[in-house]
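Observations on chain architecture
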Amino acid sequence: MMRKSTILFLLAMLMMPALYAQKSEGSLTAAQLREKGINAERLGLTNRAEGYYRRALATPEGDTTGETQKLLGILLEGKEYYSEAIALLSQSNTSEAEAHQAFCLIQLHLLDSASQCAQRAIEMDTASALAMTTMAYVETERDQHISAIAWANRALKADPKFARGENVMGYIQFRKGNHTEAMRHFKKAIQLDSTLADAYYNLGTLYCMRNSEEMAMKLLKQGLRKNPRNIRLYTALAHAYRMRNDGPKALECYKQILEYDSLHTPTLNRIGTLYCEQGHFDQAIAYHRRALSINPNDAAAHKYIGKAYVDWGQYDKAIQSFIRSTNLCTTDAETYMYLAELYGKQPKGERKQQSAYKKAARLGDKDAQSWLVKRGLGW
C-alpha cells in the first residue's frame, strides 16, 4: 500500500496545475480576459465568455476602448437581455455597436430611439451593410415597407453575399404578408451563412405559422446543430412543440435553456405561460414570481401573472398585476388592452376603460383605435 505521505504528495502535484491556472488567470489584463472571452464564444461557451468579459470590465484598468462592452452587449442581445445590452453597447463608439443597440431598442418597441441609433451607425460607416440592414428593420417595424426595401437593397448592394441582408428582406416580405417570397429570402440567407441563427428562427417561425410544425422542428434542430446553445432557436423549437400540443417536449427545450443560463427570466416566463395554457395557474404564477425574484423590474412577468389571473377568473388580482406591468413598461399596447377589457367588466369602469384604450391607441393598436372611433372618441 502507498504511504499516506506519498498519497498527499501525489494529490498536491495533481492540484498544482489548477492552482497555477487560477493564479495566472487572476493576473490577466482586461485585454487578455477579453481575448479569452472571444475564444470561448468561438467554442460556443457563451456563459464562460460572459464571465471573461465581465471580469475584464471589473479589472482596475477596465476597458476604455469600449470593445469589451460591445462584445458583452452583443452576447447579451442574443440572450434577450436587451436593456443591459443597450447600456453596454452605448459605451462603444462604433457603427457596429450602434446597429446592435438599435436592434435591441426595436425589441423593446422604442422605435424612435432605434431609428436614431441606426442613423448614427450609418453616419459612422456609410458602407456598413449591417447598419443599413438595421435601418431596414426599423422601417419595417414602422410599416414603412418601401423605405425598408430600399435600405435592404442598399445593404445587399454594399455586400451582395450579406446573409443578414437577405434575412431582413425576408422579414420585410413576411410583414407584408408575402410568405412565399419571405421563405425564399430566409433560405437564401441560410445558404449564404449556414450559422445565421436569425434566419433559422425566422424560417422556423414561418413554418409554424403555416401549420408545418414538422418542417419547423426539422429546420430548427438543423439550426441548433450549427448554434448548439442558441436561446432563440430553443425557444422557437419549444413553440413548435406547443403548437403540436406536446407540452413535455416544449418543457424539455425550456429546461435546456435553463441549463445554460439558470437565471434566464424570459424562459422562466415562458414556462409559466406553458403551465397557464395547461390550466396549472398556481404553477404558472410561481414561475413568473421566480422571474421577478431575479429581476423585480420585469414588466413581462407582471403581465403574465395578470393573464394567469384572468384565466383563473381572479379579475381584481389581474388588474393589479397589469397596472404593475404598465408602471414598469409604458410601451406595451397589449397590456393596456387587457386592462381595458377588465375595466369594461367593472361597474362604473367606463372612464378607466376609455383611458386604457386611448393609451393602447397611441401606441398604434388598431383594435383600440377602432373601438374609440366607433364611439366618436379621439386619442
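So, a few notes on the structure that sits alongside this text. Remember, it's a predicted structure, so these values are computed and weren't measured experimentally.

Across its full length, the protein holds 22 helices and zero strands. Projecting the C-alpha coordinates of the protein onto the three principal axes gives extents of approximately 90 × 55 × 45 Å. By the burial criterion, 47% of the 379 residues in the protein qualify as buried. For the protein, the accessible surface area stands at approximately 19,900 Å², while carbon and sulfur atoms represent 51% of it. For the protein, the separation between the mean place of its 50 positive charges and that of its 40 negative charges on side chains is 3 Å.

Attention now moves to the packing of helix α5 (residues 82-89) against helix α6 (residues 95-107). Describing two packed helices takes the angle between their axes plus the distance from one axis to the other. Look at α5 against α6: their axes get within 9 Å of each other, and the N-to-C directions meet at 155°. With respect to their mutual orientation, α5 and α6 come out roughly antiparallel. Crossing geometry of α5 relative to α6 is assigned as left-handed. Taking contact as the criterion, the partners of Tyr82, Ala85, Ile86 and Leu89 in α5 are, on α6, Ala97, His100, Gln101, Cys104, Leu105 and Gln107. A per-class count over the contact of α5 with α6 returns seven nonpolar, three polar and no charged.

Bringing the pattern of salt bridges into the picture now. A side chain of one charge can pair with a side chain of the opposite charge if their charged atoms are brought near each other. Evaluation of the coordinates by the stated rule reveals 22 salt bridges. Of the charged contacts in the structure, one is a salt bridge between Asp198 and Arg232, with a shortest N-O distance of 2.8 Å. Placement of the pair is Asp198 in helix α12 (residues 197-209) and Arg232 in helix α14 (residues 231-243), with a sequence separation of 34 residues. Relative accessible area serves as the criterion here: at 19%, Asp198 is assigned to the buried category. Using a relative accessible area of 17% as the deciding quantity, one classes Arg232 as buried. Here Arg242 and Glu277 are joined by a salt bridge, their closest N and O atoms 2.6 Å apart. Placement of Arg242 in helix α14 and of Glu277 in helix α16 (residues 265-277) is noted, with a sequence separation of 35 residues between them. Arg242 sits in the buried class, given a relative accessible area of 15%. On the basis of relative accessible area, Glu277 is assigned to the exposed category, the value being 55%. The structure contains a network of salt bridges with shared partners spanning Glu50, Arg54, Lys79, Glu84 and Asp261.

Scoring rules and cut-offs
- Residues numbered from 1 in each chain as written.
- Predicted model: local features only at pLDDT ≥ 70, side-chain atom pairs only at ≥ 80, totals over all residues.
- Heavy atoms only, no water.
- Helix = DSSP H or I, 4+ residues; strand = E, 2+ residues; numbered from the N terminus.
- Buried < 20%, exposed > 50% of the residue type's maximum accessible area, 1.4 Å probe, protein only.
- Areas by Shrake-Rupley, 256 points an atom, 1.4 Å probe, with all protein chains shown as cover.
- Lys, Arg positive; Asp, Glu negative; His and termini not counted.
- Charge placed at Lys NZ, Arg CZ, Asp CG, Glu CD.
- Axes fitted to C-alpha atoms, helices over the stretch in contact; angles between N-to-C directions.
- Parallel < 35°, antiparallel > 145°, perpendicular 65-115°, else oblique.
- Left-handed = near helix turned anticlockwise from the far one by under 90°.
- Contact = heavy atoms within 4.5 Å.
- Nonpolar A, V, L, I, M, F, W, Y, C, P; charged D, E, K, R; others polar.
- Salt bridge = Lys/Arg side-chain N within 4 Å of Asp/Glu carboxyl O.

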